[in-house]
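Spelled out, the chains give:
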Amino acid sequence: MKRVSIYIKLIVILIIFLLITFFVEGQGKTDLADKIITISSFVFGIILAFSIANRHSRLSIIREKLREQDAILEESYLLAKKLNKNVLNNLRKKIDEFLIIQIDYKLKDFSKETPKKLKELFVFIENIKPRTKAQENVASKLLDNFSDLLKINEEVSYQTDNQMASYEWISLIVLSGIIFFSLIFYFNTNTLISTIIIAVLCTTFTLLLLVLRDLDKLEWQENNWIWKPLSTLFTNLDLLPYFPKAVFTQNRLKLKNFMEFKKIRVATYPNFYPDFDGKKVKIVNLK
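Criteria and thresholds
- The residue numbering used here restarts from 1 in each chain and proceeds along that chain's sequence as written.
- Side-chain atom pairs in this predicted model are given and counted only at pLDDT of 80 or more, local residue features only at pLDDT of at least 70, and totals for whole chains, interfaces and linings cover all residues.
- Think of the side-chain values as coming from all heavy atoms in the structure, minus any hydrogens and water.
- Think of a nonpolar core as a cluster: buried Ala, Val, Leu, Ile, Met, Phe, Trp, Tyr and Cys residues, connected wherever their side-chain atoms sit within 4.5 Å.
- To sort residues, take the accessible area from a 1.4 Å probe on protein chains only and compare it with the maximum for the residue type: under 20% means buried, over 50% means exposed, and anything in between is partly exposed.
- Starting at the N terminus, helices and strands are each numbered in turn, a helix being any DSSP run of H or I of at least four residues and a strand any DSSP run of E of at least two.
- By definition here, a salt bridge exists when the distance from a side-chain nitrogen of Lys or Arg to a carboxyl oxygen of Asp or Glu is within 4 Å.
- Here a Phe, Tyr or Trp ring, Trp counted by its six-membered ring, pairs with any other such ring whose centre lies within 6.5 Å, and the pair is stacked when the planes are under 30 degrees apart, edge-to-face when over 60, and tilted otherwise.
- Charges are assigned to positions over rings by a cutoff of 6 Å between ring centre and Lys NZ or Arg CZ, combined with an angular limit of 35 degrees from the ring normal.
- Residue contacts are counted whenever heavy atoms from the two residues lie within 4.5 Å of one another.

### Some words on the nonpolar core
Move 1: Counting residues in each nonpolar core, the largest one holds 76 residues, and the members touching the most others are Leu99 and Phe146.
Move 2: Top element by residues in this core is helix α2 (residues 31-80). It accounts for twelve residues.

Right under this line is the structure:
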């Protein structure tokens, strides 16, 4: 399904609230309504602020750990150049498979297949047979690197699994519903200024919930912290950047933002997620 821009969503939401506020006749402010909206707004603000801060912290940890992973993989590839060409090519192929499986799966499902591919990489490194003292040092450093990757993988898996509980969402939605109801039915004086202010307030509350949702789903500004660094890593590993076709068809990414890479790999999946049988990968020329 094609993703609708958040700006379009906000315009539609604003129009809906403007129409509701315009056509619904306010009952006038009462002491009970005043207390209800005060308490609801206070509790909503606390829960929302805590949730957004928590989701931002989680996102920062994941982003930091993934960039550590990128650095380790790139360093390992450079170190492997000191070994024989066959080992280098096999290592690059296995790193490619490791990164591709991360991309094929949604980030929230990071823990499904990634650990398995990482263990395969670790076993491959263990089975390297160095011929010289220098190669022994390289193999030892590679083992250290992939030991660090196992720790990073565990942390990222934990954080991606750490999603908001359903009761947290229910609390926020119920509280926002109470606030919307109170503003529209009790604080609405049916004047132009009250109609606009109440509609803008309701839209702003909705925007905050949308931001929280994107943070929880790890889709917040994904172009900057996922796809650009990953594409650069693929290039540094002498590989073509890899994308699922859906990220372009759903408007999550714009192809023009990746023109610098000249060629990319685009994967299409004929079956529903997470069934990757029949996956096809096509090389796309961007220039």
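Additional details are given in the paragraphs that follow.
### Here we look at the pattern of salt bridges
Move 1: Tallying each qualifying case throughout the model produces twelve salt bridges.
Move 2: Of the charged contacts, one joins Asp214 and Arg213 as a salt bridge, the two residues approaching to 3.2 Å between their closest N and O atoms.
Move 3: Note that Lys228 is salt-bridged to Glu260, the shortest N-O span being 3.0 Å. Pair noted here: Lys228 is in helix α8 (residues 222-236) and Glu260 is in the loop between α9 (246-249) and β2 (263-268), with a separation of 32 residues, a long-range link.

### Concerning the environment of Lys256
Move 1: By secondary structure assignment, the location of Lys256 is in the loop between α9 and β2.
Move 2: For Lys256 and Trp225, which are 31 residues apart along the polypeptide, the C-alpha to C-alpha distance reads 17 Å.

### A closer look at the packing of aromatic side chains
Aromatic ring pairs: the centre-centre distance and the angle between the two ring planes describe each pair.
Move 1: Under the counting rule described, the total for this entry stands at 15 aromatic pairs.
Move 2: Seen from their ring centres, Tyr269 and Phe276 are 5.4 Å apart, and the 55° between their planes marks the pair as tilted.
Move 3: Ring geometry for Tyr273 against Phe276: centres 6.0 Å apart, planes inclined by 70°, an arrangement best described as edge-to-face.
Move 4: Cluster of aromatic residues (ring-pair linked, three or more members): Trp227, Phe243, Phe248, Phe258 and Phe261.
Move 5: Here the basic side chain of Lys106 rests over the ring of Tyr273, its NZ or CZ set 4.9 Å away from the ring centre.

### Topic: the side chain of Thr114
Move 1: As for its placement among the helices and strands, Thr114 is situated in helix α4 (residues 114-126).
Move 2: Residue Thr114 is classed as buried on the basis of its relative accessible area, which comes to 2%.
Move 3: For Thr114, the contacting residues outside a window of four places in its chain are Phe98, Ile101, Gln102 and Asn153.

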